[in-house]
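Secondary and tertiary structure notes
Residues per chain are reported as follows:
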Amino acid sequence: MIQAIIKPEVEFTGKELRGAPVQTLVRKMKNLEGVFVDQNAWKLSNPEQVLYTVESYCPVAGGTEGGLFFGITHINSGDLSGEFFMTKGHIHEKPNRGEYYWGIRGDGLLVLKPMEGDPWVEKVFPGSLHYIPGYTAHRLINTGKEILDVGACWPADAGHEYGQILKDGFGIRVFQGSEGPRVRFE
Ligand code: F6R
Ligand code: ZN
């Protein structure tokens, strides 16, 4: 008998991904060398402190043209010398590949830096939808007091390039201010 209706191998609970193929990447303080402006504070920080985790579902091999990957990033609340916890940030290895992000839980900012041109910042909140165009580096920042959960969908052949933007910077840093997040342009 042909089994016409099958149970999907992954479930998205609304907050997280569940199922055997889901992979989890943990990014700790020690993995974020050169990311925060205060490198002295970074050297003195606890290297094992977890800043964020990324759950991803990659149903096809990396590099497959036409395939799609799906992920949820969970960024803890906190700061290093006043600079909010954030992702490393990257541009896609195939730089013309775009991506969607959407806010699930918490409050944050998405910093976008085109290869040519000035950076801009979008507010991330439950229900916010963000189109990340190609040729644009992207970084998430948790500016809230609770965890920031953000969904993502990107092409399987996008790849990730971290080195260049780490060297050049996003041109924008976000700190804890007395009246909320303070955005500093560099
Ligand atoms: C995929 C994507 C996200 C990030 C994740 C962690 O293209 O943009 O899934 O990979 O938010 O950020 P990074 O990779 O900058 O450490
Ligand atoms: Zn990306």
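It should be noted that the structure appears before, not after, this text.
These lines cover the structure that appears in this document, whether it is placed above or below.

Things to note about the site of ligand 1
Every one of the 15 residues lining ligand 1 counts as a neighbour, but Tyr52, Thr73, Gly89, Tyr101 and Tyr162 are closest to it. Thr73 is positioned with one of its side-chain polar atoms (N or O) 2.8 Å from an oxygen atom of ligand 1. Between ligand 1 and the protein, one listed contact pairs an oxygen atom with a side-chain N or O atom of His90 at 3.0 Å. With the chains in place, 97% of the 400 Å² that ligand 1 exposes on its own is no longer accessible. More than half of the atoms of ligand 1 fall within 2 Å of the grid points belonging to the largest pocket. Counting only elements with at least two residues in the shell around ligand 1, the list comes to strand 4 (50-57) and strand 8 (99-105). A class-by-class count of the residues in the shell around ligand 1 yields five nonpolar, seven polar and three charged.

Quick word on the pairing of strand 4
In terms of residue burial, strand 4 counts as a mostly covered element, since seven of its eight residues are buried. Bridge count between strand 3 (residues 23-28) and strand 4: six bridges; the pairing is antiparallel. Among the inter-strand pairings, Thr24 is bridged to a residue of strand 4, identified as Glu55. Of the strand pairs in this sheet, strand 4 and strand 5 (residues 68-75) are connected by six bridges, and their pairing is antiparallel. In the sheet register, Thr53 faces strand 5, and the bridge partner there is His74.

Looking at the coordination of the zinc ion (ligand 2)
Around the zinc ion (ligand 2), the protein supplies His90 (NE2), His92 (NE2), Glu99 (OE) and His138 (NE2) as donor atoms, at distances of 2.1 to 2.4 Å. Read N to C, the donor residues that coordinate the zinc ion (ligand 2) are spaced as H-x1-H-x6-E-x38-H. Taken together, the residues His90 in the loop between strand 7 (83-84) and strand 8 and His138 in strand 12 (residues 136-142) connect sequence positions 48 residues apart. Judged by its relative accessible area of 9%, His90 falls in the buried class.

Quick word on the state of the cysteines
Covalent bonding between the sulfur atoms of two cysteines is what defines a disulfide. Following the criterion strictly, the structure yields zero disulfides and no others. Free of any disulfide, Cys58 has its nearest cysteine sulfur in Cys153, 11 Å distant. Given the relative accessible area of 25%, Cys58 is considered partly exposed. Exposure remark for Cys153: the relative accessible area of 22% places this residue in the partly exposed category.

Criteria and cut-off values
Residues numbered from 1 in each chain as written. Chains lettered and ligands numbered in written order. Predicted model: local features only at pLDDT ≥ 70, side-chain atom pairs only at ≥ 80, totals over all residues. Heavy atoms only, no water. Near = heavy atom within 4 Å. Polar contact = N/O pair within 3.5 Å; in protein donor to acceptor, adjacent residues only side chain to side chain. Areas by Shrake-Rupley, 256 points an atom, 1.4 Å probe, with all protein chains shown as cover. 1 Å grid on protein atoms, 1.4 Å probe; cavity = no way out; pocket = protein on both sides within 12 Å on 5 of 7 lines; lining within 4 Å. Sits in = over half its atoms within 2 Å of the grid points. Helix = DSSP H or I, 4+ residues; strand = E, 2+ residues; numbered from the N terminus. Nonpolar A, V, L, I, M, F, W, Y, C, P; charged D, E, K, R; others polar. Buried < 20%, exposed > 50% of the residue type's maximum accessible area, 1.4 Å probe, protein only. Pairing = 2+ DSSP bridges. Donors = N, O, S within 2.8 Å, 3.2 Å for Na, K, Ca; no water. Disulfide = S-S within 2.5 Å.

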